[in-house]
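Each chain, letter by letter, is given below.
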Amino acid sequence: MNHYTSHYSQYNSNYNSYISHYKHFSNVKLMHLFIVTITTLLLCACHHHTPEPNPIHPTNKRMTVITYLLAENSLGDYYGSDLDEMVAAAKSIPSDCNFVVYVDAEKAPQIYTIDASKGLVSVMETDERDSSSPNTFRDVLSRITTLYPADNYALIMWSHGSGWIPEYQSMQNELSRRNKAFGMDNNINSKKLNSGSELDIIDMRMTLEQLNVHWDYILFDACYMQCVELDYELHNLADYIIASPAEIPGRGAPYDKIMPFLVRKDNMSIEQSVQQIVSTYQDHYAKSEGVVLSAVRCSEMENLMQATRQILPNYYEDAYSFDTQGIQIYNVYVSKTLWKPEYFDMGNTMHSMMPAHDYETWQQQLQKTVPFRSTTTFWFTMFNFDSRLKDIDNAAMVSIHIPDEKYDAHTTYNSYIKQTMWYKAYHSATN
């Protein structure tokens, strides 16, 4: 009995010790679990656009809006805020519309959708690729239009931009400084370095032609893209082209404010939505950095070409001796701008070059071609020049290139312009 009691006491003592250790271990484990849970919730709260996995169910919808966002460059600090704005406006996206975003930034490229109930939803991650190459551009858009078929499509091009100016334009001692037609992919996961490949407008046009998709609008959320050379290059591919002939603020479009118009909510017409995009974008910057925007009606581009070449049949020959003093510029031709041209306002240029009665006829066609124009009293620029429209009554808010011998010192603009569809159409009709 004493032996049994002794063993029982020992067993009971061990048991109590085990329970004490177990309770201590459980409390520690529970506390650890509590901390991990709270931390996870806080992290999720801080990154409110953390994507969720998304099963893909291709069904034909009324509209698919695609944003092609290239931020593997110095814009790497800005794209996140634009994604936040898109998510904030997600409830504006109707159920019959897909809003798809391709992002190539400091990580592997991703395709997302913006969902009215789920916010930012991850569709797939792709291998690291050069998103400024025509092949990638075609592959991504083809994949998205296949996964998200619709009756209508719209395209947002988000990145750096230099209008019609091609890649690798600099010469002599400026080889490290490159101009950008559209995009910039440094392919090293850096959000600081602006070097790498770019997509010029000829490759852009040829790629979009291969997709066999007609776009309600193409919105360039990038600098300098509203130029007659690009507009004519793409005029058979879209109803409208929305862009700025000048620089735009780094934050770009206010997506939380323009989302209802991007997705043509309540079945608004294309024209109504485009007009609202331009005016709302401009209003957003009216009291801050400022911006110049316009929308080109692509169906009238051929008529604008006809009107211009009929009045100025020798424009490209005469332009070399034309005095550009006093013509509205959207940039300055200096080393700090990487020798980009001035991007002369087309309306101001024609007003200076045409006889008054001819200009009135031409301006009527301009109004049909560029029905929506909006500007603040000044616009954002990183460079030292007077960024105000001096003759707003005659401003097209679309730029045109004026050839000049001075460009030959640093660029090949005077020869490259001859490769654009605008020049070829102009030249073939006058010779």
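Since the structure is predicted, the reported quantities are computational estimates derived from the model, not experimental observations.

Undergrad: Help me understand the overall build of the protein in this model?
TA: In terms of regular secondary structure, the protein is built from 13 helices and 12 strands. Each of the 431 residues in the protein was classed as buried or not, and the buried ones make up 55%. For the protein, the share of sequence-separated contacts (at least 6 apart) that also reach a separation of at least 24 residues comes to 73%. Accessible surface, the protein: about 19,500 Å² in total, of which carbon and sulfur atoms supply 52%.

Undergrad: Please explain the pattern of salt bridges as it appears in this structure.
TA: Two side chains carrying opposite charge are able to pair once their charged atoms lie near each other. Counted by the stated rule, this structure contains 10 salt bridges. Across the salt bridge formed by E342 and K406, the nearest N and O atoms sit 2.4 Å from each other. Pair noted here: E342 is in the loop between helix 9 (315-318) and strand 10 (344-345) and K406 is in the loop between strand 12 (399-400) and helix 12 (413-416), with a separation of 64 residues, a long-range link. By sharing partners, the salt bridges in this structure join R129, D139 and R143 into a single network.

Undergrad: Before we go on, may I ask you to explain unusual backbone geometry in this structure?
TA: Excluding glycine, a negative phi dihedral is what most residues carry, and trans is how most peptide bonds are arranged. Phi angles above zero are rare outside glycine, and N212 is one such case at about 60 degrees. Examined against the element boundaries, N212 turns out to sit in the loop between helix 4 (201-211) and strand 7 (215-221). Unusually for a residue other than glycine, Y224 sits at a positive phi of about 65 degrees. Looking at the element boundaries, Y224 is found in the loop between strand 7 and helix 5 (228-234).

Undergrad: Could you clarify how one ought to interpret helix 4 in this entry?
TA: Working note: α-helix, 3.6 residues per turn, so residues spaced by three or four point in the same direction. For helix 4, the full list of buried residues reads I201, I202, M204, R205, T207, L208 and L211. N-capping of helix 4 is provided by D200, with a side-chain oxygen placed 3.1 Å from the backbone N of I202. Just downstream of helix 4, N212 is the residue with a positive phi angle, here 60 degrees.

Undergrad: Just checking my understanding: could you explain the packing of aromatic side chains for this structure?
TA: Geometrically, a pair of aromatic rings is defined through the distance of the ring centres and the angle of the planes. The full count for this structure, using the stated rule, is 21 aromatic pairs. Centre to centre, the rings of Y224 and Y343 are 4.6 Å apart; their planes meet at 15 degrees, and the pair counts as stacked. Placement of the pair is Y224 in the loop between strand 7 and helix 5 and Y343 in the loop between helix 9 and strand 10, with a sequence separation of 119 residues. Taken individually, Y224 and Y343 each receive the classification buried, so the pair is uniform in this respect. Where Y316 meets Y426, the ring centres are 5.5 Å apart and the plane angle is 90 degrees; that geometry is what we call edge-to-face. You can see Y316 sitting in helix 9 and its partner Y426 sitting in helix 13 (residues 421-430), a full 110 residues away along the chain.

Undergrad: What is the right way to read the packing of helix 3 (residues 134-147) against helix 4 from this model?
TA: The angle between the axes and the distance between the axes are what describe a pair of packed helices. Put simply, helix 3 and helix 4 touch, their axes get as near as 10 Å, and they point 30 degrees apart. When you trace helix 3 past helix 4, the crossing you get is right-handed. On helix 4, the residues touching P134, F137, R138, L141 and S142 of helix 3 are D203, M204, T207, L208, Q210 and L211. Class assignment of the residues belonging to the contact of helix 3 with helix 4 gives a composition of 6 nonpolar, 3 polar and 2 charged.

Undergrad: Would you mind going over the packing of helix 8 (residues 301-311) against helix 11 (residues 356-369) with me for this structure?
TA: Relative to each other, helix 8 and helix 11 sit at 165 degrees, their axes nearing to 9 Å. Looking at the two axes, helix 8 sits roughly antiparallel to helix 11. Our pair here, helix 8 against helix 11, has a crossing hand that is left-handed. Packed against helix 8, whose contacting residues are M301, N303, L304, A307, T308 and I311, the element helix 11 presents D358, W362, Q365, L366 and T369 at the interface. Residues belonging to the contact of helix 8 with helix 11 are distributed by class as follows: 6 nonpolar, 4 polar and 1 charged.

Undergrad: What am I meant to see in the nonpolar core here?
TA: Within soluble globular proteins, side chains that are nonpolar tend to cluster in buried spots. Within the largest apolar cluster, 134 residues are counted, with the highest numbers of intra-cluster contacts made by F99, L208, W215, Y217, F220, L262 and W422. Ranked by residue count, the leading element in this core is strand 6 (residues 150-158), at 7 residues. For W215, the residues in contact, after removing those within four places along its chain, are I66, L141, Y153, A154, L155, L208, L237, A238 and D239.

Undergrad: Is there a simple way to explain the pairing of strand 3 (residues 97-104) in this structure?
TA: Both faces of the sheet carry side chains from a regular strand, because those side chains alternate between them. Of all 8 residues in strand 3, 8 are buried, a share of seventy percent or more. The two faces of strand 3 match: C97, F99, V101 and V103 on one face and N98, V100, Y102 and D104 on the other face are all buried. Across 8 bridges, the pairing between strand 2 (residues 61-70) and strand 3 is parallel. Each bridged residue has a counterpart across the sheet, and for L69 the counterpart in strand 3 is V103. At this point the chain moves from strand 2, through helix 2 (residues 79-88), to the parallel strand 3, and the crossover so formed is right-handed. If you look at the hairpin formed by strand 3 and strand 4 (residues 110-115), you'll find 5 residues sitting between the two strands.

Undergrad: Got a minute to help me understand the environment of P166 in this structure?
TA: Examined against the element boundaries, P166 turns out to sit in the loop between strand 6 and helix 4. Taking the C-alpha atoms as reference, P166 lies 9.4 Å from I417; in sequence the two are 251 residues apart.

Undergrad: Explanation requested: the confidence of the model for the protein in the structure shown.
TA: Detailed reading of predicted coordinates is not advised where the pLDDT is low. In the predicted model, the protein carries a mean pLDDT of 85, and the fraction of residues at 70 or more is 80%. With pLDDT under 50 throughout, residues 168-178 is counted as low confidence; its partners more than four residues away or in other chains account for 29 contacts.

Undergrad: How do you make sense of the side chain of D345 when you look at a structure like this?
TA: Structurally, D345 can be placed in strand 10. Of the buried charged residues, D345 lacks a salt bridge, with R373 as the closest side chain of opposite charge at 7.2 Å. At a separation of 2.6 Å, a polar atom in the side chain of D345 contacts the side chain of Y330. One polar contact links the side chain of D345 to the main-chain amide nitrogen of G347, over a distance of 2.9 Å. When neighbours within four sequence positions are excluded, D345 is seen to be in contact with I327, Q328, Y330, N394, A395, A396, M397, V398 and S399.

Definitions and limits used
Residues numbered from 1 in each chain as written. Predicted model: local features only at pLDDT ≥ 70, side-chain atom pairs only at ≥ 80, totals over all residues. Heavy atoms only, no water. Helix = DSSP H or I, 4+ residues; strand = E, 2+ residues; numbered from the N terminus. Buried < 20%, exposed > 50% of the residue type's maximum accessible area, 1.4 Å probe, protein only. Contact = heavy atoms within 4.5 Å. Areas by Shrake-Rupley, 256 points an atom, 1.4 Å probe, with all protein chains shown as cover. Salt bridge = Lys/Arg side-chain N within 4 Å of Asp/Glu carboxyl O. Polar contact = N/O pair within 3.5 Å; in protein donor to acceptor, adjacent residues only side chain to side chain. Phe/Tyr/Trp six-rings, centres within 6.5 Å; stacked < 30°, edge-to-face > 60°. Axes fitted to C-alpha atoms, helices over the stretch in contact; angles between N-to-C directions. Left-handed = near helix turned anticlockwise from the far one by under 90°. Nonpolar A, V, L, I, M, F, W, Y, C, P; charged D, E, K, R; others polar. Parallel < 35°, antiparallel > 145°, perpendicular 65-115°, else oblique. Core = buried A, V, L, I, M, F, W, Y, C linked by side-chain atoms within 4.5 Å. Pairing = 2+ DSSP bridges. Right-handed = clockwise from strand over helix to strand, strands pointing away. pLDDT = per-residue confidence, 0-100. Lys, Arg positive; Asp, Glu negative; His and termini not counted.

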